[in-house]
Amino acid sequence: MKFGGVLVQDAAAIMHSAQLVVQTAHKNTRAVVVVSAMADVTDGLLDLAEQARQGHGDEVAQAVDLLERRHEDAIQTVFSSSPAMAVQPVVDEEHALFVSLRQALAGVAMLHELTPRSRDLIVSFGERCSAPIMSAALRAAGLTSRSLTGGEAGIVTDDTFGSAVPLLDIARKTIPRALTPLLDRGLTPVVTGFVGANEEGVITTLGRGGSDYTATILGACLLADEVWIWKEVDGVMTADPKLVPDAVRVQALSYREVMELAWFGAKVLHPMTVAPVQEAGIPIRIRSAFLPASPGTIVCADAPEAGPVKAVTSIRKLTALTIGGAAMIGTSDVVSRVFSLLAAAQLPVLMISQSSSMANVSLVMTQTDAERATRLLRKEFAGSMVIRDITATPHVAIVAIVGDGMRGTPGVAARLFTCLASENINLLMIAQGSSEVNISVLITEKEAQRAVRTVHAAFGLAGAT
Ligand SMILES: Nc1ncnc2c1ncn2[C@@H]1O[C@H](COP(=O)(O)OP(=O)(O)O)[C@@H](O)[C@H]1O
Ligand SMILES: N[C@@H](CC(=O)OP(=O)(O)O)C(=O)O
């Protein structure tokens, strides 16, 4: 069971989440709990790491004091509900973590250097500080529990600091070795989300939003019956409820559908969440912590189709790069050089389109990635007669529709284009994968919300469950 930042943001949230675990942890149900950092703490730590690099030691020290107080307040409140329990060991454990955090930030400030490895160490304190409090709340609620870091729980990753890849062949042995004896003793382990360790035990992180991924890595390696991801929202909705107020819950999604949704901007799940459980066919259930009676959304191998389109998503703050020149015509090696360069620099491309004459190719990336990509491409093709120009179109957005039922159903694209045309929204690019599970279009960013609402209505998604 995974609880996100909002669901552990303070003592009240932590105690509410602990109750959800207690209600399920019956004699025959064994649960492993995964927690994120308290809401906004990850962003705060990343900001502090950057400030430390710039040498703003005093501001950093004050902010760490505030952060420590926030955690200590939560501990005191959790323990006030259970006066027989000794609070001091947890206060000491938490204080020791803050001493290490201060040391790490002081090191960065002294060297004026922030490596991906030191950034991962600093940002890991968010989850490392929230996990002991959740574990204490579970004890206060009558369970036996202890907290572990991802590394201690056996999540072994490669060395890609910032977006480490779990080494599942190893983790399939190390995770049960770490957790099964605890479960056998009736303990409920609380594991830090987002955090792993490389083979030497150095802390790594799984990428932003990576606590969902932690839950499915643990679920897959322990052969869990289900992985439950508790959210503020009532499951995966037909659109981001912040953009579309009449979005409704989707009852069931296939692994592929949820992967497409996550990739195309549905922030409800980390894009890699599905990968570990897909092969073993372990279902993921996304449930609301505020509506625990609701079944939420189930993600499994063969979710029933409910019309051609299940949800609409959008990603904003993108830039389109067009790489072109008449001499590119017929020269396929240019395209391979462009993609090799971007892959080597770990710059993901969200959408690709090539003109039929092959005179130009367009790529869509996040704004920051596009700036780096432009610099790298200009250097690579400097003086080249093949590529004459690289133009950037900033402030664009992708809007995508997703659904397994689109495969083999004619007219879906026509319906999408017609509804956008009726709103006078111009399409800058169009893409459909051969899997036919999604169609995505590129439009200007300022039209994104209107486009999502229009598409949501045109496909009748408001009444879809
Ligand atoms: N299709 C969607 N369904 C549900 N939520 C979505 C969707 N697209 C975007 N979101 C956003 O994702 C967020 C859900 O995650 P939240 O509970 O905040 O996550 P976490 O628990 O990982 O911190 C919500 O803020 C919601 O606005
Ligand atoms: N705390 C990490 C990991 C995470 O998954 O958080 P959340 O579950 O709150 O999205 C982050 O903010 O990226």
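Just so you know, these numbers come straight off a predicted model, no measurement behind them.

(A) Here's a closer look at the site of ligand 1. Inspection of the region around ligand 1 gives 16 residues, with K2, K231, M237, D240 and K242 positioned closest. Measuring from an oxygen atom of ligand 1, one finds a side-chain N or O atom of K2 at 3.0 Å. Within the contact set of ligand 1, an oxygen atom lies 2.8 Å away from a side-chain nitrogen or oxygen of K231. For ligand 1, the accessible surface in isolation is 560 Å², of which the surrounding protein chains cover 86%. Tallied by class, residues from the shell around ligand 1 come to 7 nonpolar, 3 polar and 6 charged.

(B) Seen up close, the confidence of the model for the chain. The pLDDT averaged across the chain works out to 92; a share of 96% of its residues lies at or above 70. Reported confidences for the modelled complex are a pTM of 0.91 and an ipTM of 0.95.

(C) Region of the structure containing the site of ligand 2. Every residue near ligand 2 is listed here: K2, G4, G5, S36, T42, E127, F194, R208, G209, G210 and S211. Here an oxygen atom of ligand 2 sits 2.9 Å away from a polar atom, N or O, in the main chain of G5. Note that an oxygen atom of ligand 2 is positioned 2.7 Å from one of the backbone N or O atoms of G209. For ligand 2, whose free accessible area comes to 340 Å², the fraction covered by protein is 80%. Looking at the shell around ligand 2 residue by residue, the class counts come to 1 nonpolar, 7 polar and 3 charged.

(D) A look at helix α2 (residues 41-53). Between its first and last C-alpha atoms α2 spans 18 Å; for 13 residues at 1.5 Å apiece the expected length is 18 Å, and the two agree. Each element contacted by the buried residues of α2 is listed here: α3 (57-80), α4 (88-111) and α5 (116-140).

(E) Structural context of the packing of α2 against α3. Viewed as axis vectors pointing N to C, α2 and α3 meet at an angle of 160°, and their least axial separation amounts to 10 Å. By the angle between their directions, the pair α2 and α3 is classed as roughly antiparallel. Seen from above, α2 lies across α3 with left-handed handedness. Taken together, the residues of α3 that come into contact with α2 (itself represented by V41, L45, L48, Q51 and A52) are E59, V60, A63, V64, L67, R70 and H71. The residue makeup of the contact of α2 with α3, split by class, is 8 nonpolar, 2 polar and 2 charged.

(F) Here's a closer look at the UniProt feature "binding site: ATP" (unreviewed entry) in the chain. What UniProt calls "binding site: ATP" (unreviewed entry) maps, in this numbering, to K267 and V268. Within the element layout of this structure, K267 appears in the loop between α8 (255-263) and α9 (275-278). Among the residues examined, K267 registers a relative accessible area of 81% and is labelled exposed. Residue position: V268 is located in the loop between α8 and α9. With residues up to four places along the chain from it excluded, the contact list for V268 reads D212, K231, V233, G235 and V236.

(G) The sheet that holds strand β4 (residues 187-192), seen in detail. Strand order in the open sheet formed by 8 strands is β3-β4-β2-β1-β7-β9-β10-β8, and the pairing between neighbours is mixed. The open sheet has two edge strands with one neighbour each: β3 (144-148) and β8 (252-254). Sheet topology note: the strand β7 (residues 227-231)/strand β9 (residues 284-288) ladder contains 5 bridges and is parallel. Note that in β9 the partner of V227 across the bridge is I284. Those strands touched by helix α6 (residues 168-184) are β3 and β4, and its axis lies near 150° from that of β4. α8 rests against β8 and β10 (297-300) of the sheet, and its axis sits at about 90° to β8.

Cut-offs used in this document
- Residues numbered from 1 in each chain as written.
- Chains lettered and ligands numbered in written order.
- Predicted model: local features only at pLDDT ≥ 70, side-chain atom pairs only at ≥ 80, totals over all residues.
- Heavy atoms only, no water.
- Near = heavy atom within 4 Å.
- Polar contact = N/O pair within 3.5 Å; in protein donor to acceptor, adjacent residues only side chain to side chain.
- Areas by Shrake-Rupley, 256 points an atom, 1.4 Å probe, with all protein chains shown as cover.
- Nonpolar A, V, L, I, M, F, W, Y, C, P; charged D, E, K, R; others polar.
- pLDDT = per-residue confidence, 0-100.
- Helix = DSSP H or I, 4+ residues; strand = E, 2+ residues; numbered from the N terminus.
- Expected span 1.5 Å × (residues − 1).
- Contact = heavy atoms within 4.5 Å.
- Axes fitted to C-alpha atoms, helices over the stretch in contact; angles between N-to-C directions.
- Parallel < 35°, antiparallel > 145°, perpendicular 65-115°, else oblique.
- Left-handed = near helix turned anticlockwise from the far one by under 90°.
- UniProt positions renumbered as here; feature names shortened; annotations may be inferred.
- Buried < 20%, exposed > 50% of the residue type's maximum accessible area, 1.4 Å probe, protein only.
- Pairing = 2+ DSSP bridges.

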